[in-house]
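# A closer look at the structure
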Amino acid sequence: MILVTGGAGFIGSNFILNWLAHRDEPVLNVDKLTYAGNAATLRGVEHDSRYVFAQVDICDREAIDGLIQKHQPRAILHFAAESHVDRSIRGPGEFVQTNVVGTFTMLEAATAWYRTLSGGQREAFRFLHVSTDEVYGSLEPNDPAFNERTPYAPSSPYSASKAASDHLVRAWHHTYGLPTLTTNCSNNYGPYQFPEKLIPLTITNALGGKALPVYGDGRNVRDWLYVEDHCEAIDVVLDRGVPGETYNIGGCNELANIDVVKTICRFLDELKPTSSGVPYAQQIQFVTDRPGHDRRYAIDARRIESELGWRPAQTFETGLHKTVQWYLDNTEWVEGVTSGEYRCWIETHYV
Ligand code: NAD
Ligand code: DAU
C-alpha cells in the first residue's frame, strides 16, 4: 500500500479520491485533523476496504513507526503541512513544528523502514515530498519562470519552513541514500479547498453577500493549476520520477489576483445571479496588503513535460468553471468546514 500524510486536506484528499477511483492499491491516510483537515471529504471511501485512516501527528515518531511496521508501505507521499501564508505570518511556530520537525520525523521513520527492505521492495521504495513554488521567492514582471535550478529565496515563514523541509529531503537522499522525489507546485484550486484561500473564499463570500477582499492593488500574480492536474502529476512522478530529483509543476496560467476574482464573479453572475441582479463584482473591496507579499510566481514546467510526459489538462477557464459549480453544488460541505474556528480566523484576520 501507499502511505499518504495530510490526506484529509485539500490536495491530499483529492489525491486519495483520485487514486482509489483508478487503482486497486490500498491507501493509509495519516492526518492529525487540524482545522484544515476534514474527514467529511473522505466520507465516500470511509468504508472502502482499500482505505485506512489514522489520526496521528507526523511529529509523533513512535506512532509513525508503528503505522509503517503494521502497513509496510511501498511508498510514502508526504502532503501534510501547515499551508496558509497569512496564518504563518500571525503564528509561525506551528509551521516550523509541522513543516520542518514533521518532515524530519517522516524522513527518519522512512529511512529506518527503507533500511529493513531488500531486493525488489528496496528498489521500488519511494519517499515523495510535496512542496511549493514559494520556496523560490518572488519574481519581477519580466523575470523568467522558476525552473528546478532557480536558487531558493523564500520570504514568508510558510515558504521558509517549506524550503527547510526541501533541504532536509535533499540531505536525506544525498547522505543516507533515501530514494526521494520532490515536487514544487504552483497555486492549486478546485473541489474541497478550505475557504481561507483566495478562490474558495471569494466564492463563499460572494454567495454570502459579503465583501470580496483583495490585498493591496490586486496585481500580485499567481500561476494557477487545477488540483486534479496536480494529482496526476504526482502520480506520474511517483511512477517514473528519478530518485533524488525535483520536478516543478505548474498550470501555465499566470493571472493577477483581481482578474481571478473578477472571473469568479463573472461565472457566478452566469450560474447563480444575485436576487437583486447587481453583479457580484460590486462586492470587491481592496484591503490592507499582506506583509512581505510576494509579487509574482510562475513555473517553468518543461522538465516534467519533456522527461515524464505530463501537462495540465485544464485551462484556467475550464477548471475555474468546474470549481465554481462544485461550490454551488456542495454548500453542505462548505457549511461543515466553516466552523467556529473558521469564523474566528475570518473575524481576526479581516478586521
Ligand atoms: P491543507 O492545509 O489543505 O491540508 C493540510 C493537511 O495536513 C490537513 O489535512 C491537516 O490536518 C494535515 N496536517 C497538518 N499538520 C499535521 C501534522 N502535524 N500531522 C499530521 N497531519 C497534519 O494543505 P494543501 O493545500 O492540501 O497542501 C498540501 C501540501 O501541498 C502541502 O505540503 C503544501 O505545502 C503543498 N502545496 C500546496 C499548494 C496549494 O496551492 N494549496 C500548492 C503547492 C504545494
Ligand atoms: O504557490 C503555491 C502556494 O499557493 C501554496 O504553497 C500555499 O500552500 C497556498 O496557500 C498558496 O499560497 P498563496 O498565498 O499564493 O495563496 P492564497 O490563496 O492565500 O492567496 C493567493 C493570492 O491572493 C495571494 O497573492 C494573496 C491574495 N489574497 C489572498 C486572500 C486569502 C487576497 O488578495 N485576498 C485574500 O483574502
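Scroll up to find the structure this text is about.
### Focus: the overall build of the protein chain
- From N to C terminus, the protein chain includes 13 helices and twelve strands.
- Since a compact globule built from 351 residues should have a radius of gyration of about 20 Å, the 20 Å found for the protein chain is in line with a globular shape.
- The dimensions of the protein chain, computed from C-alpha atoms along their principal axes, are 65 × 45 × 40 Å.
- Burial analysis of the protein chain (351 residues in total) assigns 54% to the buried set.
- Pairs at least 24 apart in sequence give 82% of the contacts found in the protein chain among residues at least 6 apart.

### Notes on the site of ligand 1
- Taken together, 28 residues lie near ligand 1, and Ile11, Asp31, Ser83, Tyr158 and Lys162 sit nearest.
- Phe79 places a main-chain nitrogen or oxygen 2.9 Å from an oxygen atom of ligand 1.
- In this structure, Tyr158 approaches ligand 1 through a side-chain N or O atom, which is 2.7 Å from an oxygen atom.
- Burial of ligand 1 by the protein chains amounts to 96% of its free accessible area of 840 Å².
- Elements supplying a minimum of two residues to the shell around ligand 1: helix 1 (10-22), strand 5 (126-132), helix 6 (157-176) and strand 7 (187-189).
- Looking at the shell around ligand 1 element by element, the count peaks at three residues for strand 5.
- Each residue belonging to the shell around ligand 1 can be placed in one class, and the counts come to 13 nonpolar, eleven polar and four charged.

### Examining helix 8 (residues 227-240)
- The end-to-end C-alpha separation of helix 8 is 20 Å, in line with the 20 Å expected for 14 residues at 1.5 Å each.
- The element helix 8 is largely enclosed, with a buried count of ten among its 14 residues.
- If you check which residues of helix 8 are buried, you get Val227, Asp229, His230, Cys231, Ala233, Ile234, Asp235, Val236, Val237 and Leu238.

### Brief notes about the state of the cysteines
- In this structure the tally under the stated criterion is zero disulfides.
- With no disulfide of its own, Cys185 lies closest to Cys231 among cysteine sulfurs, the gap being 9.3 Å.
- With relative accessibility at 4%, the residue Cys185 sits in the buried group.
- Cysteine Cys252 shares no disulfide, and the gap to the nearest cysteine sulfur, in Cys185, comes to 12 Å.
- Under the relative-accessibility criterion, Cys252 is labelled exposed at 64%.

### Side note on the packing of helix 2 (residues 61-71) against helix 4 (residues 93-116)
- The geometry of helix 2 relative to helix 4 is characterised by a closest axis approach of 10 Å and an angle of 35° between their N-to-C directions. Regarding helix 2 and helix 4, the two cross each other, and that crossing is right-handed. Residues Arg61, Ile64, Asp65 and Ile68 of helix 2 form the contact with helix 4, whose participating residues are Thr105, Met106, Glu108, Ala109, Ala110, Ala112 and Trp113.
- A per-class count over the contact of helix 2 with helix 4 returns seven nonpolar, one polar and three charged.

### Observations concerning the site of ligand 2
- Around ligand 2, 25 residues are found, and the nearest of them are Asp133, Tyr158, Arg290, His293 and Tyr350.
- With respect to ligand 2, the backbone of Ser83 contributes an N or O atom lying 2.8 Å from an oxygen atom.
- Side-chain polar atom of Lys197 to an oxygen atom of ligand 2: 3.5 Å apart, as the coordinates give it.
- Listed by contribution, the elements that provide at least two residues to the shell around ligand 2 are helix 3 (85-90), helix 7 (198-207) and strand 8 (212-215).

### Here's the deal with the pairing of strand 2 (residues 27-31)
- The element strand 2 is extensively covered by neighbouring structure, given that five of its five residues are classed as buried.
- Burial of the side chains of strand 2 extends over both faces: Val27, Asn29 and Asp31 are buried on one face and Leu28 and Val30 on the other.
- Of the strand pairs in this sheet, strand 1 (residues 2-5) and strand 2 are connected by four bridges, and their pairing is parallel. Residue Leu3 lies in a different strand from strand 2, and its bridge partner there is Leu28.
- Note that the unit made of strand 1, helix 1 and strand 2 has a crossover that is right-handed.
- Two elements, strand 2 and strand 3 (residues 51-55), share five bridges in a ladder whose sense is parallel. Residue pairing in the sheet places Val30 in a bridge with Ala54 of strand 3.

Reading guide: rules and limits
Residues numbered from 1 in each chain as written. Chains lettered and ligands numbered in written order. Predicted model: local features only at pLDDT ≥ 70, side-chain atom pairs only at ≥ 80, totals over all residues. Heavy atoms only, no water. Helix = DSSP H or I, 4+ residues; strand = E, 2+ residues; numbered from the N terminus. Rg over C-alpha atoms; globule rule 2.2 N^0.38 Å. Buried < 20%, exposed > 50% of the residue type's maximum accessible area, 1.4 Å probe, protein only. Contact = heavy atoms within 4.5 Å. Near = heavy atom within 4 Å. Polar contact = N/O pair within 3.5 Å; in protein donor to acceptor, adjacent residues only side chain to side chain. Areas by Shrake-Rupley, 256 points an atom, 1.4 Å probe, with all protein chains shown as cover. Nonpolar A, V, L, I, M, F, W, Y, C, P; charged D, E, K, R; others polar. Expected span 1.5 Å × (residues − 1). Disulfide = S-S within 2.5 Å. Axes fitted to C-alpha atoms, helices over the stretch in contact; angles between N-to-C directions. Left-handed = near helix turned anticlockwise from the far one by under 90°. Pairing = 2+ DSSP bridges. Right-handed = clockwise from strand over helix to strand, strands pointing away.

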